[in-house]
Amino acid sequence: MIPVRRALPQDAEEVLRLRQVMIDALFPADPSVGWHEESLPTLRAELADEDGDFAAFVVDHPERPGALASLVAGTIDYRIGRAGDPRGRVGFVFSVATDPGARRRGYARACMTTLLGWFRERGARRVQLTASAEAAPLYVSLGFRPKPDPLLELTL
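This text gives an overview of the structure that appears in the document. (Residues numbered from 1 in each chain as written. Predicted model: local features only at pLDDT ≥ 70, side-chain atom pairs only at ≥ 80, totals over all residues. Heavy atoms only, no water.)

1. Some remarks on helix H2 (residues 35-48)
End to end, H2 covers 20 Å across 14 residues, agreeing with the expected 20 Å (1.5 Å per residue, within 8%). Along its length, H2 reaches its greatest deviation from straightness, about 35°, at Pro 41. Among all positions of H2, only His 36, Leu 40, Leu 43 and Leu 47 are buried. (Helix = DSSP H or I, 4+ residues; strand = E, 2+ residues; numbered from the N terminus. Expected span 1.5 Å × (residues − 1). Bend = angle between axes of the 7 residues up to and from the residue. Buried < 20%, exposed > 50% of the residue type's maximum accessible area, 1.4 Å probe, protein only.)

The structure is reproduced here in structure tokens:
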């Protein structure tokens, strides 16, 4: 069994490192990391709040003490209920990353399974995510299904 644990405030720098691994894979044109320092205090506070609607789960790197091998993070949002989801609590997975030297060992799957349990415990009936083509088979194997996405976005 792969030991998954909830990320702690002292993991914040490693969480950002793995998030950057994911960002670099998806958006290779902007490898900037200058935002990390400004992000750290907020991330540490979120990681310390175990009762909030944000959680990150990690696997420690087996060959590099103090480093993380894998990260999964998500939030629960409230949306007005509807048929089939009267509570309106929706999980959203927004960061899944594995250190390049630790891939293909089941770490992301173990972290995702733990996050999905966390969503269930908090009453989320639906979980959404955006997947790269490379990661989609993992999510499909966990039961995710593609949906048409009419998403529009405005940057303020």
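2. Examining the nonpolar core
Ranked by size, the top nonpolar core spans 22 residues in total, and within it Val 93, Met 112 and Phe 119 carry the most contacts. For this core, the elements supplying multiple residues, two or more each, are strand S2 (54-60), strand S3 (68-78), strand S4 (89-98), helix H3 (107-121) and helix H4 (136-141). Looking at this core element by element, the count peaks at eight residues for H3. Filtering out sequence-adjacent residues up to four positions away, Val 93 remains in contact with Val 72, Ala 73, Gly 74, Met 112, Leu 115, Phe 119, Val 127, Gln 128, Leu 129 and Thr 130. (Core = buried A, V, L, I, M, F, W, Y, C linked by side-chain atoms within 4.5 Å. Contact = heavy atoms within 4.5 Å.)

3. Describing the pattern of salt bridges
Across all of its chains, the model carries eleven salt bridges by this definition. The closest approach of N and O atoms between Arg 79 and Asp 77, which form a salt bridge, is 3.7 Å. Here Asp 77 falls in the partly exposed class, since its relative accessible area comes to 30%. Across the salt bridge formed by Arg 122 and Glu 121, the nearest N and O atoms sit 3.3 Å from each other. When its relative accessible area of 26% is taken as the criterion, Arg 122 is described as partly exposed. (Salt bridge = Lys/Arg side-chain N within 4 Å of Asp/Glu carboxyl O.)

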